[in-house]
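Each chain, letter by letter, is given below.
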Amino acid sequence: MEIRSGRDLRVFQLADQVAVEIFAISREFPHCENNETATSILFTQDCSYLTAETATRILEENREIGRMLGAMIRTPQPFLIRP
């Protein structure tokens, strides 16, 4: 796969998808909770803002993004944009 920009990377696409989902979900939170992000997924589940299934899925997606970024850091050459 030719990489022309960061948007071409699967990790970018997955992270963007998860961020959009978290944003959409957070719009339903009470105002005082709107500033919380993925670090508060378990809290939002405990407060019944998210189902256990949704929280588990989002947390797993975040772990996958972390694994993907870790692999990119360890071996960046395949992900470099070439002129």
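Since the structure is predicted, the reported quantities are computational estimates derived from the model, not experimental observations. (Residues numbered from 1 in each chain as written. Predicted model: local features only at pLDDT ≥ 70, side-chain atom pairs only at ≥ 80, totals over all residues. Heavy atoms only, no water.)

Some remarks on the confidence of the model for the protein chain
Chain-level statistics for the protein chain give a pLDDT mean of 81 and a share of 86% at 70 or above. Predicted confidence in the protein chain is weakest over helix 2 (residues 41–46), with a mean pLDDT of 78, and strongest over helix 3 (residues 52–74), with 88. (pLDDT = per-residue confidence, 0-100. Helix = DSSP H or I, 4+ residues; strand = E, 2+ residues; numbered from the N terminus.)

Looking at the side chain of D8
Tracing the backbone through its elements, the reader meets D8 in the segment before helix 1 (10–26). For the buried D8, no salt bridge is present, and the opposite-charge side chain at shortest range is R4, 4.2 Å distant. A polar side-chain atom of D8 sits 2.7 Å from the main-chain amide nitrogen of R4. (Buried < 20%, exposed > 50% of the residue type's maximum accessible area, 1.4 Å probe, protein only. Lys, Arg positive; Asp, Glu negative; His and termini not counted. Salt bridge = Lys/Arg side-chain N within 4 Å of Asp/Glu carboxyl O. Polar contact = N/O pair within 3.5 Å; in protein donor to acceptor, adjacent residues only side chain to side chain.)

A short note on helix 1
End to end, helix 1 covers 24 Å across 17 residues, agreeing with the expected 24 Å (1.5 Å per residue, within 8%). For helix 1, every residue scored as buried is listed here: V11, L14, V18, E21, I22, I25 and S26. Down the axis of helix 1, the sector holding all buried residues measures 130 degrees, keeping them to one side. The exposed residues of helix 1 that point more than 90 degrees off its buried face are V20 and F23. Buried residues along helix 1 sit in contact with helix 3. (Expected span 1.5 Å × (residues − 1). Arc of directions from axis to C-beta. Contact = heavy atoms within 4.5 Å.)

Points about the nonpolar core
For soluble globular proteins, nonpolar side chains are generally found buried alongside one another. Among the nonpolar cores identified, the biggest contains 15 residues, and V11, V18, I41 and I58 are the most heavily contacted of them. Elements that contribute at least two residues to this core include exactly helix 1 and helix 3. Element by element, the count of residues in this core is highest for helix 3, at six residues. Those residues in contact with V11 that sit more than four places away from it in its chain are I65, M68, L69 and M72. (Core = buried A, V, L, I, M, F, W, Y, C linked by side-chain atoms within 4.5 Å.)

Notes on the packing of helix 1 against helix 3
The geometry of helix 1 relative to helix 3 is characterised by a closest axis approach of 10 Å and an angle of 150 degrees between their N-to-C directions. Classified by the angle between their axes, helix 1 and helix 3 sit roughly antiparallel to one another. When the axes of helix 1 and helix 3 are compared, the crossing they make is left-handed. Where helix 1 abuts helix 3, its residues R10, V11, L14, A15, V18, E21, I22 and I25 lie against T54, R57, I58, E61, N62, E64, I65, M68, L69 and M72. Looking at the contact of helix 1 with helix 3, its residues break down into eleven nonpolar, two polar and five charged. (Axes fitted to C-alpha atoms, helices over the stretch in contact; angles between N-to-C directions. Parallel < 35°, antiparallel > 145°, perpendicular 65-115°, else oblique. Left-handed = near helix turned anticlockwise from the far one by under 90°. Nonpolar A, V, L, I, M, F, W, Y, C, P; charged D, E, K, R; others polar.)

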